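Breakdown of the fold
Each chain, letter by letter, is given below.
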Amino acid sequence: MKCKYHTRIKHKFLGDYLSIWLKGVSGKVSLDYVDLFASDGVCELDAELETPLIWDGSALLAVKMSKEYKNSWTCYLNELDPTTCNELQNNLKK
Ligand SMILES: C[S@@+](CC[C@H](N)C(=O)[O-])C[C@H]1O[C@@H](n2cnc3c(N)ncnc32)[C@H](O)[C@@H]1O
């Protein structure tokens, strides 16, 4: 997915917030993560302004972090566009 720089910042905040669950809550409760607009899980900056140019979108970010969680962390990922949904499934397999 082509992204603007503000999306990179959004994912920085999301990653920092989710890491609170990993490090602070540390598996004391189970977690359900719902992403209603998941997209394909991979972001690419649409201008060469900053690095990195490619990073994990919200869906991949949450799924990767869920693997490290010490309790149940279920990710529900919803995507309307079938092509984008297939890309998300392929990116999750990687
Ligand atoms: C801006 S992208 C989402 C970005 C992603 N949440 C992230 O932060 O990495 C928006 C996505 O929502 C999808 N979408 C739009 N309307 C939708 C709907 N009604 N239900 C599910 N997905 C939808 C689009 O196909 C697109 O892939």
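Above this text you will find the structure in question.
Residues numbered from 1 in each chain as written. Predicted model: local features only at pLDDT ≥ 70, side-chain atom pairs only at ≥ 80, totals over all residues. Heavy atoms only, no water.

**What to know about helix 2 (residues 58-68)**
Of all eleven residues that make up helix 2, eight are buried, and the element is covered over most of its length. As for helix 2, its buried residues are in contact with helix 1 (5-25), strand 2 (31-35), strand 3 (42-45), strand 4 (54-56), strand 5 (73-77) and helix 3 (82-93). (Buried < 20%, exposed > 50% of the residue type's maximum accessible area, 1.4 Å probe, protein only. Helix = DSSP H or I, 4+ residues; strand = E, 2+ residues; numbered from the N terminus. Contact = heavy atoms within 4.5 Å.)

**Structural notes on the sheet that holds strand 4**
Sheet architecture is open: three strands sit in the order 1-3-4, paired in mixed fashion. The strands lining the two open edges of the sheet, one partner per strand, are strand 1 (2-3) and strand 4. Two strands pair when backbone bridges link them, and strand 1 and strand 3 are joined in this way by two bridges, in the parallel orientation. When the sheet's bridge partners are listed, K2 is paired in strand 3 with E44. (Pairing = 2+ DSSP bridges.)

**Regarding the site of the ligand**
Surrounding the ligand, one finds 15 residues, the nearest of these being K10, H11, F37, S58 and E79. At 2.7 Å from a nitrogen atom of the ligand is found a main-chain nitrogen or oxygen belonging to F37. Within the complex, the protein chains bury 65% of what would otherwise be the 610 Å² of accessible surface of the ligand. By residue class, the composition of the shell around the ligand is five nonpolar, six polar and four charged. (Near = heavy atom within 4 Å. Polar contact = N/O pair within 3.5 Å; in protein donor to acceptor, adjacent residues only side chain to side chain. Areas by Shrake-Rupley, 256 points an atom, 1.4 Å probe, with all protein chains shown as cover. Nonpolar A, V, L, I, M, F, W, Y, C, P; charged D, E, K, R; others polar.)

**As for helix 3**
If you check helix 3, its first and last C-alpha atoms are 17 Å apart, about what twelve residues at 1.5 Å a residue would give, namely 16 Å. Elements that come into contact with the buried residues of helix 3 comprise strand 3, helix 2 and strand 5. (Expected span 1.5 Å × (residues − 1).)

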